[in-house]
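A look at the structure
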Amino acid sequence: MTTININSFVRKNILNLQPYISFRDHNEFKAPVLLDANENPFGECNRYPDSTQKKLKQKLSQVKNIPANQIAIGNGSDELIDLIIKVFCEPKTDSVLMMNPSFAMYGFYAAINENKVVKLNLNDDFDIDKEFFLNIINANQLKIFFLCSPNNPTGNSIEDIEFYIKNFNGIVVVDEAYIEFSQQKSALALLGKYPNLIVLQTFSKAWGKAGARVGVAYASEEIINFINLVKAPYNVNSLSQDLIMKTLENTTEFNQSVKNILTEREWLREEFENLKCINKVYPTDANFFLVDFEDIEKVYENLTSGEILTSKRAPAIPNCIRINIGTRAENEKLINILKNC
Ligand SMILES: Cc1ncc(COP(=O)(O)O)c(C=O)c1O
């Protein structure tokens, strides 16, 4: 394991922050009378959720084979991105690095926290040029690198992730929101080796629970303690904690839906090949395609008026629309409109 002093990356005021501790969640009671939190004793969902998300972390610990004290749970991984910036970046002073193009929320939360964003332009294959990366990190003072793989909105996986973790003098967040759709090995296997690594995963994509808002960060115990320190105590509601527990207890639905999406991905890829309006379909390891169209305005207009909502990436990625894989009926509707474009 590489030795680094995580405290040296943490914001000064966070190092001295007093934790908010819910007494009941940090102690064991057999049948407590709960008169401590001004709740209503009647009705359903009347109690505050477990602020430590104990059961869910234990379950995730079993499933992922990672100790529970190396797991933090957020209100979606969106919240975890914000919390990670809050832990490590001094407002108005520190900068974060993100790939370009990549998931916009890294820049959004950096802006809210008044941190500068340095963009690492990807090459023509949407991968990172190592030399360019080394130049950028040498020329800038950077606290966090958000590395998204498979990347949104391009769909491809980044090669040799370990190289970036090893060479970055700061915190590397590997965002694996789409990992379950990919053959790529998860960076979770590198956690024991790199104390500056945080891996983000989510229940919003392959697990099909976007409405529950549950994301997970895996990192060293030290980093996880800082994330827990800055989070709102009751950030994940009881209904969502229960739902995700149930989802993890029976993974049949998960396995089936990933299988269906991968089948649909192949079906769509073949259908796209026969369409005249398409210039290029980028390779994807995720549940969406980035597609380059001959006449993007016409295509986008026809899709929207057919009430098919997609994500237009032009002008940032010229001529491109990101298209999510749907059910067979939805995909057929998409293809039928594209045939007439
Ligand atoms: C790369 C990436 N990370 C994180 C998220 C946010 O996930 P969550 O729903 O867990 O907040 C998304 C959502 O689109 C995403 O594409």
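The structure we're discussing is the one just above.
Residues numbered from 1 in each chain as written. Predicted model: local features only at pLDDT ≥ 70, side-chain atom pairs only at ≥ 80, totals over all residues. Heavy atoms only, no water.

A look at the packing of helix H2 (residues 54–64) against helix H8 (residues 238–249)
Close contact between H2 and H8 brings their axes to 10 Å; oriented N to C, the two are set at 25°. Considering the angle they form, H2 stands roughly parallel to H8. Considering the relative orientation of H2 and H8, their crossing is left-handed. Taken together, the residues of H8 that come into contact with H2 (itself represented by Lys-55, Leu-56, Lys-59, Leu-60 and Val-63) are Gln-241, Ile-244, Met-245, Leu-248 and Glu-249. (Axes fitted to C-alpha atoms, helices over the stretch in contact; angles between N-to-C directions. Helix = DSSP H or I, 4+ residues; strand = E, 2+ residues; numbered from the N terminus. Parallel < 35°, antiparallel > 145°, perpendicular 65-115°, else oblique. Left-handed = near helix turned anticlockwise from the far one by under 90°. Contact = heavy atoms within 4.5 Å.)

Notes on the state of the cysteines
Tallied over the entire structure, the rule returns zero disulfides. Cys-89 carries a free sulfur, and the closest cysteine sulfur to it, the one in Cys-148, is 18 Å from it. Cys-89 gets classed as buried once you look at its relative accessible area, which sits at 1%. The cysteine Cys-320 is free of any disulfide, with Cys-277 supplying the nearest cysteine sulfur at 13 Å. (Disulfide = S-S within 2.5 Å. Buried < 20%, exposed > 50% of the residue type's maximum accessible area, 1.4 Å probe, protein only.)

Examining empty space enclosed by the protein
All chains considered together, the criterion is met by one cavity of 30 Å³ or more. In this structure, the largest cavity spans a volume of roughly 60 Å³. Around the largest cavity, the lining residues are Leu-60, Lys-64, Glu-180, Gln-201, Thr-202, Phe-203, Trp-207, Val-216 and Tyr-218. Mapped onto the lining of the largest cavity, the elements with two or more residues apiece are H2, strand E6 (197–202) and strand E7 (215–218). Partitioning the lining of the largest cavity into residue classes produces five nonpolar, two polar and two charged. (1 Å grid on protein atoms, 1.4 Å probe; cavity = no way out; pocket = protein on both sides within 12 Å on 5 of 7 lines; lining within 4 Å. Points joined across faces, edges and corners; volume = space filled by probe spheres on them. Nonpolar A, V, L, I, M, F, W, Y, C, P; charged D, E, K, R; others polar.)

Here's the deal with the sheet that holds strand E8 (residues 278–281)
Spatial ordering of the open sheet is given by E8-E9-E11-E10, a layout of four strands whose pairing is antiparallel. A strand with exactly one partner marks an edge of an open sheet, and here the two such strands are E8 and strand E10 (311–312). As paired elements, strand E9 (residues 288–293) and strand E11 (residues 320–324) share five bridges and run antiparallel to each other. Opposite Val-291, over in E11, you have Ile-321 as the bridge partner. (Pairing = 2+ DSSP bridges.)

Some details on the layout of surface pockets
For the largest pocket, the calculated volume is near 600 Å³. The element that contributes the greatest number of residues to the lining of the largest pocket is H8, accounting for five residues. Grouping the amino acids of the lining of the largest pocket by side-chain chemistry returns 10 nonpolar, five polar and eight charged. Roughly 420 Å³ of internal volume is contained in the second largest pocket. Taken together, 19 residues form the lining of the second largest pocket, with His-26, Ser-51, Thr-52, Lys-57 and Asn-228 sitting closest to its centre. At the level of elements, H2 and helix H7 (221–230) are the ones that each hand at least two residues to the lining of the second largest pocket. The biggest single contributor to the lining of the second largest pocket is H7, with five residues.

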